[in-house]
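Analysis of the macromolecular model
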Amino acid sequence: MSKVKVGIIMGSKSDLPVMIEAANILEELEVPFEVTIVSAHRTPDRMMKYANDARKNGLQVIIAGAGGAAHLPGMVAAVTTLPVIGVPVKSSNSIDGWDSILSILQMPGGVPVATVALNGAKNAGILAAQIIGSHDKKVASRLQSYKEELREKVEEAAQKMEEQGYKGGKIGFANN
């Protein structure tokens, strides 16, 4: 089986503080990935080449983060048959992130983009791993362990709250 890989792309360097969360979770789940900047508006030829060559280059899923008009995920999805996961990024020129959310979410029929929450790159990484895990047992097993750790954290926090009450100080909720 060939080495699985996720492409993490973003419209500009300013998106990196959000998109790094996708890289972090993929690294934790031991899913190989690459990260680069591909702007739909400033480097359209680079974007087209990236999307056209993605499968040939071994990618199986693309995570595309963009703020403002947020055309990157949809334009990439228009060119490739790989799954594309869009991450709306609340950028400095954004209208509370709604422009990014709607630009990625409201795709026309035939050009789907799976869309996560505003700044939800961590969930995009998990979704990419789940897509790959649907046919890679090692990734599926690591995801199962990750989900079990989440369950254990919530169970632990619930037990502390039940013992100490909701005013009992830091409970240790899993906010992520």
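Regarding the nonpolar core
Ranked by internal contacts, the top residues of the largest apolar core, which has 27 residues, are Val6, Ile8, Met19, Val31, Ile63 and Val87. Only β1 (6-10), α1 (16-28), β3 (61-67), β4 (84-89), α5 (121-133) and α6 (137-164) provide two or more residues apiece to this core. Not counting the four nearest positions on each side in its chain, isoleucine 63 is found in contact with Val6, Gly7, Ile8, Ile9, Met19, Ala22, Leu26, Ile85, Val87, Ala124, Gly125 and Ala128. With 20 residues, the next largest nonpolar core counts Val38, Leu59, Val84 and Val111 among its residues.

With respect to the sheet that holds strand β2 (residues 33-37)
Through backbone hydrogen bonds, the strands of a sheet pair up, either in parallel or in antiparallel fashion. Taken together, the five strands give an open sheet; going across it, the order is β2-β1-β3-β4-β5, and neighbouring strands pair in parallel fashion. Both outer strands of the open sheet, β2 and β5 (114-115), are each paired with one neighbouring strand and no more. Pairing of β1 with β2, which is carried by five bridges, proceeds in the parallel orientation. Pairing of methionine 10 across the sheet is with isoleucine 37, part of β2. Relative to the sheet, helix α3 (residues 72-79) contacts β1, β3 and β4, its axis offset from that of β3 by approximately 150°.

Points about unusual backbone geometry
The phi angle at glutamate 30 is positive, at roughly 60°, despite the residue not being glycine. Counting through the fold element by element, glutamate 30 comes out in the loop between α1 and β2. Overall, glutamate 30 belongs to the exposed group, its relative accessible area being 53%. For asparagine 119, which is not a glycine, the phi torsion comes out positive at approximately 60°. Examined against the element boundaries, asparagine 119 turns out to sit in the loop between β5 and α5.

Some words on the environment of glycine 165
Of note, glycine 165 is situated in the segment after α6. You can call glycine 165 partly exposed: its relative accessible area is 27%. Considered as a pair, glycine 165 and asparagine 123 are 42 residues apart in the sequence and their alpha carbons are 30 Å apart.

Considerations on the pairing of β1
Within β1, five of the five residues are buried, which leaves it mostly tucked inside the rest of the structure. Of the two faces of β1, both are covered, the one formed by Val6, Ile8 and Met10 as well as the one formed by Gly7 and Ile9. With α1 bridging β1 and the parallel β2, this β-α-β connection has right-handed handedness. Across five bridges, β1 lies against β3 in parallel orientation. Each bridged residue has a counterpart across the sheet, and for valine 6 the counterpart in β3 is valine 61.

Digging into the side chain of aspartate 136
Here aspartate 136 lies in the loop between α5 and α6. Reaching out from aspartate 136, the side chain makes a polar contact with the backbone nitrogen of lysine 138 at a distance of 3.0 Å.

Overview of the pairing of β4
With six of six residues buried, β4 lies mostly within the body of the structure. Every second residue of β4 is oriented toward a common face, with Val84, Gly86 and Pro88 on one face and Ile85, Val87 and Val89 on the other, all of them buried. Where β3 lies against β4, six bridges are found, and the strand directions are parallel. Counterpart to isoleucine 62 in the pairing with β4 is valine 84.

Reading the values: rules and limits
- Starting afresh in each chain, residues are numbered from 1 along the sequence in its written order.
- Totals for whole chains, interfaces and linings use every residue, but because this is a predicted model, local features are given only for residues with pLDDT of at least 70 and side-chain atom pairs only at 80 or more, for both listing and counting.
- Heavy atoms throughout the structure, all of them, feed into the side-chain values; hydrogens and water do not.
- As used here, the term nonpolar core means buried Ala, Val, Leu, Ile, Met, Phe, Trp, Tyr and Cys residues forming a set that is joined through side-chain atoms within 4.5 Å.
- Exposure categories follow from relative accessible area, calculated using a 1.4 Å probe and restricted to protein chains: below 20% of the type maximum is buried, above 50% is exposed, and the middle band is partly exposed.
- Each helix is a run of DSSP H or I of at least 4 residues and each strand a run of E of at least 2, with the numbering of both proceeding from the N terminus.
- Note on contacts: a residue pair is in contact if any heavy atoms of the two residues lie within 4.5 Å.
- Any two strands between which DSSP finds at least two bridges are classified as paired.
- What counts as an axis is a line fitted to C-alpha atoms, over the stretch in contact for a helix, and the angles between N-to-C directions run from 0 to 180 degrees.
- A clockwise course of the path from the first strand over the helix to the second, judged with the strands pointing away from the viewer, identifies a crossover as right-handed.
- Under the rule applied, a polar contact is a pair of N or O atoms within 3.5 Å (in protein, one hydrogen donor and one hydrogen acceptor; residues adjacent in sequence only if both atoms are side-chain atoms).

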